[in-house]
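If you want the building blocks of each chain, they are given just below.
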Amino acid sequence: MSELFLVAHIAGRGVAIAAAQVDSVVDIGEVIAVPRADAFVRGLAALRSRVVTVIDTGTALGLEPTPDAVRRAVITVVEGHHYAILVDSVEDVAPFARLPLSSGLALHRGWATAGTGIVERDGEPLLILDLAAVIPAIVPAA
Amino acid sequence: MTGLERGARMDDLLQEFIAETRETLEAISGEIVAWEAAPADSGRLDAIFRFVHTVKGSCGFLDLPRLARLSHAAEDVLAAVRDGKRTPDTALVNAVLGIVDRIGEIVEAIDSGSPLDDSGEDLLIAALAPDAQPRAQAPTTPHSRAASRSVRLNVDLLDHMMSGMSEMVLARNELARRLRDCDVDPKVEAALERLSLTVADMRDTVTRTRMQKVDALFSALPRMVRDTSAELGKSVDLEIEGADVELDREMIELMRDPLVHIIRNSIDHGIEGPAERRALGKPKNGRLVVSARQSGNQILIEVADDGKGIDVARIVAKAAEKGLHSVTELAAMSDAAKLDLIFAPGLSSRDAVTAISGRGVGMDVVRANIEQIGGRIVLTNDPGRGLRIVIHVPLTLSILSTIIVGVGTQRFALPRQAIEEIVMVRGDAVRIDTIGDAAAVTVRGRRMPLVSLGQLFKLNDDAPPTLVIVSTREGDYALGVDTVLDTEELVVKPASPAVMATGVYAGKTLPDNGLPMLLLDASGIAAVAGLRFTPVVAASTEVEEVVPGVPALLFDDLDGCRRAIALAVIDRVEPVAVDAIRWSGGAMRLSIGDAIIPLHAVAAFGTRTEVAVLRLTDGESEMAYAIAEAIEIVALPAEMAPARGAGPIAGVVSIAGEQIELIDPHALFAGQPVTLASLPVCLLQVDGSGWMETFLKPALEASGYRCVTALAAGETAAVALAMEDTPLRETLAPVVTLRRTRTAEGEDDASIYRYDRPALIAALAARRAM
C-alpha cells in the first residue's frame, strides 16, 4: 500500500513529507521578524491574502539555522494556522510505501521527534518527516 | 444618544424585519399552496406556524399592534390544529391564508410608507373561529411594492468576497511594484493611482459588510429593560457604554440570547425592589451598566448591576439539596468554585422560578453558548452591592482602528482604544528619569513607567523620541517608539501559537502594503516588561503633586505609629490575605502566587483578615512590609535626626510638625532580624550539645515561637525548655523538661520525650497558659 510523498531536502538531507500534510509549495516573499518569539520563528510572510508563520526548519530541528537565502517553503496547516516550513529544495511527488523506522536507528534532536518512518526511493532510505512535529510545541505564556 | 439616532436605529430594525418577513413569505409560498390543496395534511403546518410565530415575536418589539393581533390569532388556531383540538378544513385553511396574505400586505405597506386601512381585519380574525361562515374572498387592493433597500446574504458569501478582495489588493501591489521597476507612461501611473484608490475604498466597504457595531446588540436593550423592570415593579436606570465597538456580525447574533438572559437575570434576581433598596440605603432606581470594549485580542461585554449580588451560601445549599455535589465536596470548594456553581446545569439561583428569567434556560446554557463561540464568562460577585458579569469573546475578524508605530525598521499596530495620547520627548513637558533601574516618564506632572519598545524587542537601543501613552486595565504607561506613522483600520486575525506565546501580540494583520504586521497587546507588553500596577498607587497618583525633595510614602504602621518610607523602594502597595503570611523557616514570609518573599511586620495582625503590604524592591530582591494604611505621598525634609541603636528605623523626620520615624530600607534588606512583638519567646536552656539549636529550634519556630538561648535585657520568656539532665537555670518562665528516653520513669514524671513533637508543642502551649 503506497501513499503520496513529497521528496524535499532539509539541512542537506533528503526527506519525505506526506502529501496530505502539504498545502502547497511556494517561494516566500519578504519575511517580517517577530521580536521576542522563539528562534525557530523566522517571522511572518504574506501568502496571497493569508499571513503564514515562517519556520526556520534548521533551528526547529535543533540543527544549524536555515540560511536566510532559503526562500522555498512547504506550506502546511496545523490546528488552523498556516506555517511555511523552509526547505532547501523540493524534488517531486511520488507514491511510496511507508516503512517503520529501522530498529536501532539512533535519531537525534528534532529528527527524533519529527521522524515517523522511512520510505525507500531506489534503495535510498528517506526519513518521513511529520511537519506538525517539526514545529516545536508551544507552552502559551500565562 | 439622540432621539434621531434612536429613530434611525429602529428604522434599521424595521427594515430587517420587513426583509426577513418578505423572504420567509416567498419561501413558504409553496407550502401554502400545498396546504391549500390538501388541508388535512398537517405536515405542511410547521413552516406556516413558524412564520406567524416569528412575526408575532418581532411585532411585540417593533410596536406593530396590527400585525401582532393578526399573527397571534393565526398562531392560536394553528396551535389548536397541531394539538389535534381542531381539524383543518378548507374554511380554516382559507382563513389562515387570508391572514398570511394580509401580513404580507401590511409589511409592504409599512415599507412603502403607504397607508392601508385596517377594515376587514376583524373579519379575517373572526373567520378563524370554528363556527365561522365561509366568507367571500375579500378583494385585495393592488399595491405598489417598494424597492427593497436591503438584501440578506449568506456569511460564507461575504467571507469569499473578503478573501477575493485581499487577493485584489495584493495583485494591485504586485502591479505597482512591477511598474516602479520600469519607465512608465504617466498616463499608466494615473490609471494605477485610480485603481489603487478604488481598491482601497472597495476593501473598506467589503470589510465592513462583515462588521457591525455592537450597538446592533445594545439598541434593543432600553426597551427590554424598561418592560422587564415594569413587569417586576422595579425601576432600573440603564447605562450603555461603548456601543460603537465593532464586532463580527455572526458574533453579534450569537451574543444576543446570552446577553438578554443575563440582563433579565440581573433585573429579576439581582436588583432589589424600590422599597427594599430604600431600606438598604441605596438609590431608589437600580443601576445597570452594559458596556463593550476591546481589550487585547478580545471584546469584553460587561453587565454590571448594583443589586444584591449572588448569595453564595444559598447556591451551595441548593447544590447540596439537588445532590450535585456532596456536602464535603462543597465545603472544600474555594469561593470562586462555589460561585461557579450557578453555571451548573439544573441549578436556578432562586427558589421560585419566575416568568422573567426562569424559562428552563439557565446560566449553564448561557455559558455553553458563549464557550461555543470561543468566549468565556467571568463573574465578580460583591454580595449586597452587586454583580458584574463580563463576557469575553475573541476578536477574530474584528476590524480595529489602529495606530501604526515604527521601531527600527519594523512597524507594529497598536489598538487605538488603548492609546491615551502621543507625546514627543522634547521641551519641558516631558521628563524621563531613571528610578533604580526602571525608567519613568513625567508628563505634565504625571509620572508613569516607561517601556522602550526598541529595547524590549531588541530592535533599537536609542532613547525613544516619541512616547505613546497607553492605558491598560491595570494602569497607564508610556511606550517609547521611534515614530508614529499612520492610522489604519485593520482586520486582525489570531496569530499562530508560536507568535502568541511571546505574550506581547494580540494578533496579526495584512495591511494594504501586503506586508504582514503584528498587533501589539498593550497589557501583555506591560506584563512582559515587568510593570506592575496597583489600584492603591493609581489612586494616589491623582492627588500627587510634583513634590520637591525625596518623595516618601507616609503610612500608619501596624503598631499604630505613623512612619514614612522612601517612595523609590516601593514597587507597589497591595492588600494581601493574612492567610498568605506565615511564620516559616524562622521568618515571616508572604506567599504571592508561587513566590515567597520575606515580610516585615512590627505588630500582630490582630483580627484582620486582610492587610496592606508595601512590596519593596532593591531592583533584585523583593520583600514586603505590612502596614495598616497608606496615608499620602510627602516630600522628605533634608534634616533627619538619626535613630539610636540598630533596627529598621533610620531616623526621625519632621513632617507637618509631627515626628515621623523614617524606615531604613537598607537595614530591611540587609536582613535585620525580623521580630514580631507578639510571638511568644521560648527560652532554650542549651546544654552545649547543640541539639536544641539544631533540632528543636526550627520545629518550635515553625509552631510560632521565637527561640532564644539567652534573654535580652527587658525581655521575658513565655516558656523555657530544658533537658532533664541539665541543671535548671533560674527563670521566671514555666519550664518544660525533655527526657531522652521514650518512656516516662514514673507516674509523676511530667517530662516529655524529646522527639514527641505533638506532645512537646502541646506541653509548651499548656505551660504558657499557666
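Residues numbered from 1 in each chain as written. Chains lettered and ligands numbered in written order. Predicted model: local features only at pLDDT ≥ 70, side-chain atom pairs only at ≥ 80, totals over all residues.

A separate point is the overall build of chain A. Of regular secondary structure, chain A possesses 3 helices and 10 strands. Mapped from its N terminus to its C terminus, chain A presents α and β elements in the order β-β-β-β-β-α-β-β-β-α-β-β-α. Among the 142 residues that make up chain A, the fraction classed as buried is 37%. (Helix = DSSP H or I, 4+ residues; strand = E, 2+ residues; numbered from the N terminus. Buried ≥ 20, exposed ≤ 12 C-beta atoms within 10 Å, placed from the backbone.)

Okay, the overall build of chain B next. For chain B, the helix and strand inventory stands at 22 helices and 34 strands. Counting every position in chain B, which comprises 770 residues, the buried fraction comes to 31%.

Residue and element names in this part refer to chain A. Unusually for a residue other than glycine, alanine 11 sits at a positive phi of about 50°. Structurally, alanine 11 is set in the loop between strand S1 (2-10) and strand S2 (13-18). Using a count of 16 C-beta atoms within 10 Å as the deciding quantity, one classes alanine 11 as partly exposed. Notably, glutamate 79 is not glycine yet its phi reads approximately 50°, a positive angle.

Residues and elements named next belong to chain B. Close contact between helix H9 (residues 221-231) and helix H10 (residues 249-270) brings their axes to 10 Å; oriented N to C, the two are set at 35°. In this structure, the crossing between H9 and H10 has a hand that is right-handed. Of the residues in H10, those touching H9 at Leu221, Met224, Val225, Thr228 and Ser229 are Val260, Ile263, Arg264 and Ile267. Residues that form the contact of H9 with H10 fall into these classes: 6 nonpolar, 2 polar and 1 charged. (Axes fitted to C-alpha atoms, helices over the stretch in contact; angles between N-to-C directions. Left-handed = near helix turned anticlockwise from the far one by under 90°. Contact = placed C-beta atoms within 7 Å. Nonpolar A, V, L, I, M, F, W, Y, C, P; charged D, E, K, R; others polar.)

Turning our eyes to something else, we now look at the sheet that holds strand S6 (residues 376-382) of chain B. Residue and element names in this part refer to chain B. Spatial ordering of the open sheet is given by S2-S4-S5-S7-S6, a layout of 5 strands whose pairing is mixed. If you trace the sheet from one side to the other, it starts and ends with strand S2 (236-241) and S6, each paired once. Neighbouring strand axes in the sheet, compared pairwise and without regard to direction, differ in orientation by 15° on average. Where strand S4 (residues 286-295) lies against strand S5 (residues 298-305), 8 bridges are found, and the strand directions are antiparallel. Within S5, the position partnered with alanine 292 by the bridge is isoleucine 301. Relative to the sheet, H10 contacts S2, S4, S5 and strand S7 (386-394), its axis offset from that of S5 by approximately 20°. (Pairing = 2+ DSSP bridges.)

Our next topic: helix H4 (residues 90-112) of chain B. Residues and elements named next belong to chain B. Its 23 residues give H4 an end-to-end C-alpha distance of 33 Å, which sits within 8% of 33 Å, the value for a rise of 1.5 Å per residue. Along H4, the residues that are buried comprise Leu92, Val93, Ala95, Val96, Gly98, Ile99, Val100, Arg102, Ile103, Val107, Ile110 and Asp111. Immediately downstream of H4, the backbone of glycine 113 shows phi near 75°, a positive value. (Expected span 1.5 Å × (residues − 1).)

Okay, the interface of chain B and chain A next. Taken together, the contact pairs 23 residues of chain B with 24 residues of chain A. For the side of chain B that touches chain A, the residue count by class is 13 nonpolar, 7 polar and 3 charged.

All right, on to the nonpolar core then. With 83 residues, the main nonpolar core has Ile17, Val54, Ile55, Ala84 and Ile85 of chain A together with Leu479 and Leu520 of chain B as its most contacted residues. With 5 residues, the top contributor of residues to this core is strand S4 (residues 41-47) of chain A. Setting aside chain neighbours within four positions, we find isoleucine 55 of chain A in contact with Phe40, Val41, Arg42, Ala60, Tyr83, Ala84, Ile85, Leu86, Val134 and Ile135 of chain A. Membership of the second largest hydrophobic core comes to 36 residues, among which are Leu247, Leu288, Ala292 and Val393 of chain B. (Core = buried A, V, L, I, M, F, W, Y, C linked by C-beta atoms within 7 Å.)

Below, the discussion takes up the confidence of the model for chain B. Residue and element names in this part refer to chain B. Per-residue confidence for chain B gives a mean pLDDT of 78; residues scoring 70 or more make up 87%. Counting contacts from residues 1-5, a segment whose pLDDT is below 50, to residues more than four positions away or on other chains yields 1 contact. Predicted confidence for residues 535-547 stays below pLDDT 50, and this span has 14 contacts to residues more than four positions away or in other chains. With pTM at 0.45, the complex prediction returns an ipTM value of 0.90. (pLDDT = per-residue confidence, 0-100.)

All names here are of chain A. Bridging between strand S5 (residues 50-55) and strand S7 (residues 81-86) involves 3 bridges; their strand directions are parallel. Counted as the bridge partner of threonine 53 is tyrosine 83 from S7. In this sheet, S7 lies alongside strand S6 (residues 72-78) in antiparallel orientation, the contact comprising 6 bridges. For valine 77, the partnering residue across the bridge sits in S7 and is histidine 82. Between S6 and the antiparallel strand that follows it, S7, lie 2 residues; glutamate 79 among them carries a positive phi value of about 50°.

Before going further, it helps to spend a moment on the sheet that holds strand S33 (residues 735-739) of chain B. Ordered by their spatial adjacency, 5 strands build an open sheet running S31-S30-S32-S33-S34 (chain B), and the pairing between neighbours is parallel. The strands lining the two open edges of the sheet, one partner per strand, are strand S31 (706-708) and strand S34 (752-753) of chain B.

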